[in-house]
Amino acid sequence: MSAAASAISLSTASNVSFKEIADILNDVYTGYITPITFEEETVRVVLRADSLDADESWIAMRDGAPVGCALVGRRDRRSRLGAMGVTPALRGMGVGRLMLERVVERSRDRADERLELEVIEGNTHAIRLYESVGFVTQRQLLAFEHEAVGGGEVAELVDVAQEEAANVIADHGPDDLPWQISGRTLRAPRELYKAHRLGRAWAVVVDTPEGPRAMRGLCVERDARRQGQATRLLRALVAQYSDRPWMAPALCPEDLVGELFLRAGFTQADISQRQMVLRD
Ligand SMILES: CC(C)(COP(=O)(O)OP(=O)(O)OC[C@H]1O[C@@H](n2cnc3c(N)ncnc32)[C@H](O)[C@@H]1OP(=O)(O)O)[C@@H](O)C(=O)NCCC(=O)NCCS
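Conventions used here
Residues numbered from 1 in each chain as written. Predicted model: local features only at pLDDT ≥ 70, side-chain atom pairs only at ≥ 80, totals over all residues. Near = placed C-beta within 6 Å. Helix = DSSP H or I, 4+ residues; strand = E, 2+ residues; numbered from the N terminus. Nonpolar A, V, L, I, M, F, W, Y, C, P; charged D, E, K, R; others polar. Buried ≥ 20, exposed ≤ 12 C-beta atoms within 10 Å, placed from the backbone. Contact = placed C-beta atoms within 7 Å. Pairing = 2+ DSSP bridges. Axes fitted to C-alpha atoms, helices over the stretch in contact; angles between N-to-C directions. Core = buried A, V, L, I, M, F, W, Y, C linked by C-beta atoms within 7 Å. Domains from an automatic or database assignment.

### Observations concerning the site of the ligand
Every one of the 20 residues lining the ligand counts as a neighbour, but Gly 85, Arg 91, Gly 96, Arg 97 and Leu 129 are closest to it. Contributions of two or more residues to the shell around the ligand are made by β4 (78-86), α4 (95-109) and α5 (124-132). Broken down by element, the shell around the ligand gets its largest block of residues, 5 residues, from α5. Across the shell around the ligand, the residue classes tally to 10 nonpolar, 7 polar and 3 charged.

See the structure below:
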């Protein structure tokens, strides 16, 4: 352990406010591959939706000040490392490894069925660190975009409650979906979220007031698959909200929906992530 890491103590995030977590995240994500700013309210909403377990999340402290964090969400016997970072001046000195080893150790102690994370492709330091403690890549998570079509044939999309669509995703979707687009996460009521159904295909979307609209969740009921229902739903969404472009963030499992988005007229965006899981 480096001298820097030996001067670090880890404390849980249980007594840390959402404002303090936002401040820590803004520090540790300085210079991140995609620039990102954390606001207190967004952090509160996202971490609640992601089932943050503050008692299993770690703040690295040095001389009484936070210098890193590793935030963990937990559901039943599954856990997810949702955010991790180290203040720029202390990177490369073992602080990240210290936090990650604690997260892994606690997950093994709980006999978790699964500990997972997502990492942006190209974040080589983070990927090397995760692999070194036993994470392996499960799949690629792709991003897609679609330009505004400015009109077109509008199909009969049915508005449904966000929770109803989330329940379909939870009941009919694979149980290893990325945490952020799982039915359990999408169930949490969120401003700007809307849900639609076309036939037996369901979608949760973010109706952002500016910039591209975002796909969030997508699911066809199990016994209605391979009938083109998801393709029709995606095309219908693009046509119904035709005034602005669309994007699907880098959470789309390549093996499940890679072809689908292309068939529906989307193009693949440059950014992608890996979904990684801790090996047994
Ligand atoms: C990724 C991050 C959390 C790693 O924390 P860290 O304290 O810098 O990492 P450590 O010093 O503990 O290094 C652990 C391992 O990471 C890899 N690593 C870290 N820094 C590296 C560097 N500069 N060059 C090459 N590998 C590096 C190595 O595998 C290293 O193991 P080793 O020292 O035994 O070779 C940190 O760089 C960071 O905060 N980055 C910005 C936020 C971020 O990308 N978070 C991850 C989101 S998924």
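### As for the environment of Phe 266
With respect to the secondary-structure elements, Phe 266 resides in the loop between α9 (254-263) and β12 (267-278). The buried category is assigned to Phe 266, around which 24 C-beta atoms lie within 10 Å. Discounting chain neighbours no more than four positions away, the residues touching Phe 266 are Phe 144, Glu 145, His 146, Ala 248 and Phe 261.

### Overview of the sheet that holds strand β9 (residues 201-206)
Spatially, 12 strands are ordered β1-β2-β3-β4-β5-β12-β6-β11-β10-β9-β8-β7 in an open sheet, and the strand pairing comes out mixed. Two strands bound the open sheet, and with one partner strand each, they are β1 (9-12) and β7 (158-160). This sheet shows a mean twist of 30° between the axes of neighbouring strands, independent of strand direction. Bridge analysis of β9 against strand β10 (residues 213-220) gives 6 bridges, and the strand direction is antiparallel. Paired with Val 204 across the two strands is Gly 217, which belongs to β10.

### Quick word on unusual backbone geometry
Located in the positive-phi region is Asp 63, a residue other than glycine, with phi close to 50°. The topology assignment puts Asp 63 in the loop between β2 (58-62) and β3 (65-75).

### Concerning the nonpolar core
Core analysis: the largest hydrophobic core is formed by 37 residues, its most contacted members being Ala 165, Trp 202, Ala 203, Leu 233, Leu 237, Cys 252 and Phe 261. Sorting the residues of this core by element identifies β6 (135-146), α6 (162-172), β8 (193-198), β9, β10, α8 (229-240), β11 (246-253) and α9 as the ones contributing at least two each. In contact with Ala 203, other than residues within four places in its own chain, are Ala 165, Ala 195, His 196, Met 215, Gly 217, Leu 218, Leu 233 and Leu 237. Residues Ile 21, Leu 47, Leu 90 and Leu 100 belong to the second largest nonpolar core, which totals 34 residues.

### Focus: the domain arrangement of the protein chain
Often, the extent of an interface is quoted as the loss of accessible area on bringing the components together. By the assigned domains, the protein chain splits into domain 1 (3-112) and domain 2 (143-272). Here the C-alpha centre of domain 2 lies 30 Å away from the C-alpha centre of domain 1. If you look at the interface, domain 1 gives 8 residues, while domain 2 gives 7 residues. Of all the secondary structure elements, the ones that give two or more residues to the side of domain 1 that touches domain 2 are α3 (40-49) and β3. Here the element with the most residues in the side of domain 1 that touches domain 2 is α3; it accounts for 3 residues.

### A word on the pairing of β8
Successive side chains on a regular strand alternate, one facing one side of the sheet and the next facing the other. Note: β7 against β8, 3 bridges, orientation antiparallel. Bridging from a neighbouring strand, Val 160 pairs with Ala 195 of β8. Where β8 and β9 come together, 6 bridges link them in antiparallel fashion. In the sheet register, Ala 195 faces β9, and the bridge partner there is Val 204. Linking β8 back to β9 in an antiparallel pair, the connection comprises 2 residues, with Gly 199 at a positive phi of about 65°.

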